[in-house]
Structures are given as C-alpha cells and as structure tokens.
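Examination of the molecular architecture
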Amino acid sequence: MNGTQATADCEAVLEAIGDAVICDRAFLEEILLGVVGRGHVLVEDVPGTGKTLTARTVASALGLSFSRIQFTPDLLPSDVTGTHIFNEQDREFEFSAGPIFANIVLADEINRAPPKTQAALLEAMEEGQVTVDGETRPLPDPFFVIATQNPVEQEGTFPLPEAQVDRFLVKTAMGYPDEAGEVELLRRRASRETGSPSVDPVLEPEQVAQLRRVPETVRVDDDLLEYIATLARETRTDGRVETGVSPRGTQRLFEAARAYAVVTGREYVTPDDIKRVAKPVLAHRLVLTPDATVNDADKGRIVERVLESVPVPTID
C-alpha cells in the first residue's frame, strides 16, 4: 500500500465513523493515530459521551473484531486473558480465551480494576501476547486497545501507574457535542429503531495491517528529529514537572507525527505535524511535582509552553 492509498483509506474510515458518531473530527483523528501508529489510546471523559459507540464503530469501519471489557474492582486477570477449563469428556484441560483476544478491545473504566488486573493488560499492550499458566499465546494482529477513564468519579479507583500510562500512544477526550450535534442526537434517537447506529466495513483486516506499515516510509528530516528530541528534553526542565517525557515518549512523538502525516496525505513530516500531535502524545506522560499537583497545574498547558519556547525548524 502506498501513501496515497493509505490517506484515501484513512479519509474513508474517518467519514464512515463521523456518519455514526457525533464528535469533533480532531478526536477521531487522534483515535486513528493509535491505529495507524501501532499504539493504543486512553480516553478520559465523563460517562454518556459515546466512547463505547466510538470504539465499536471504529472496529466496524476497519472490519475488525471487537470486544468490550468492563473493568471492576473484582475483575481478575484470568477474566481478561482467559483460563484453562477441564473438559470432562476429553479428560483434559482446554484453554478458554478471554475477551482480550480481539482486534480492538475497549477497556472500559480501566482504573476501576486492581493493579494486578491492570498489569495483565500491560503485556498485551506492549508485546501483543498474553501468558496464562506459563504458556504464551499471541493476540490477533492487528491489536489495538481503547481504554477509558472517568475523570470525575474517583472513589474506589486504582490510578494507572506511570509505567502503564506511558504505554498509551495518545490520551484524548471526546468532550460534549455542540448544540447542533446534541439536537442531531435527539433526531436520531427519535427516528431510529435499532439500538445504536452502525457502519459497514470500509477496510479488511489485511488492509489495516498494510495501512499500519505505511508510516515507516514517511520521511523525517534531521532537523525535525532534533526538534522532537528538544521538545522532549524541554519538558524535563520545567519547574512544575518532576519527571518529564521519557525516551519512549520521544519515540512515540516521532511515530505519531509520521502517522499524522499519513492521515493528512503527505510522505514527509512537517513541524506542524509534530505540533499537532505533541499535546495528546506528551501531556499524559508528565509527572508533576507535589506543589504543581496541589495547584492543579495543567499538563496540556505545560506542553503548550514547551512548544512556544522551542524554535521551530524552517523548511527550505
């Protein structure tokens, strides 16, 4: 698959999802960044904004299998990965796959599960495999996680450790629709008979796999590599930040910029591509100082300050 075809496929997917889900295109682009950039997406938003519908619609448009896991305080790792069950007829144990064995997995309210269960998802996200009773099993390819968190209700939750937050390529928020969008929601609800809108597949699994390889062909000039590295290093010098962007985060910014270039139809990365993806890719990786946390410092604003302070390379 070449870059032109990849961009056309991305546009077709975005249009299909946009027909079913009422939200900003920028949000859908950030979800698609996770797919194209071979990463995962963390969505932090209040209930009822359409996160589940979005995840299901993304899976449908891409022609991929979908699974939803409702994370709860009593959820066990085996409830996610699967377990061995004794077959009385054959007199032997058989593996019963858990809901993690799908192309796109919605980890709903991930911070409600205890750390041991969260850790079961970590291997799957990073390695594309799970280990059950000492036996490693590969997950479907492609494999993509959309996890959600409720930023309002924190009682009975287990905050994700920084090591796991760092595994998400993008953190984003869906937000409330505007007035016209909310009216359209009511129109759809008044007229439809089915439970929720649906879309036909736009791509097939093999096409998705090819699409995810296209960013590897996108050119990034040396001055932009230096720009990316400088942005990451600058986050470590801010007085409000205890731990800045890690080298893994620097690489993720590079990968997201290339993926965004594919989505927007270019075979090379521009400074604007990097600036566009910097906030959703970098902000959630910052660990604030206790004082900054008490003062409710905004991580996104810190990234914006970094973007303002670092000179932008000029393109010849």
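Residues numbered from 1 in each chain as written. Predicted model: local features only at pLDDT ≥ 70, side-chain atom pairs only at ≥ 80, totals over all residues. Heavy atoms only, no water.

1. Remarks on the state of the cysteines
- This structure, assessed with the given rule, holds zero disulfides.
- Not part of a disulfide, Cys10 finds its nearest cysteine sulfur in Cys23, a span of 16 Å.
- On the basis of relative accessibility, which here comes to 1%, the residue Cys10 falls in the buried class.
- Cys23 sits in the partly exposed class, given a relative accessible area of 23%. (Disulfide = S-S within 2.5 Å. Buried < 20%, exposed > 50% of the residue type's maximum accessible area, 1.4 Å probe, protein only.)

2. Some details on the environment of Gly134
- Relative to the elements of secondary structure, Gly134 occurs in the loop between β6 (129-132) and β7 (135-138).
- Placed 24 residues apart in sequence, Gly134 and Phe158 show a C-alpha to C-alpha distance of 27 Å. (Helix = DSSP H or I, 4+ residues; strand = E, 2+ residues; numbered from the N terminus.)

3. Quick look at the side chain of Thr57
- Relative to the elements of secondary structure, Thr57 occurs in helix α3 (residues 51-62).
- Sequence-distant contacts of Thr57, that is, excluding residues within four places in its chain, are made with Ile17, Ala20, Val21 and Val199. (Contact = heavy atoms within 4.5 Å.)

4. A short note on the nonpolar core
- Counting residues in each nonpolar core, the largest one holds 67 residues, and the members touching the most others are Leu62, Leu253 and Ile274.
- Among the elements that take part in this core, helix α10 (residues 247-264) stands out by supplying eight residues, more than any other.
- Beyond its immediate sequence surroundings of up to four residues, Leu253 is in contact with Ile228, Leu231, Ile274, Val277, Ala278, Val281 and Leu282. (Core = buried A, V, L, I, M, F, W, Y, C linked by side-chain atoms within 4.5 Å.)

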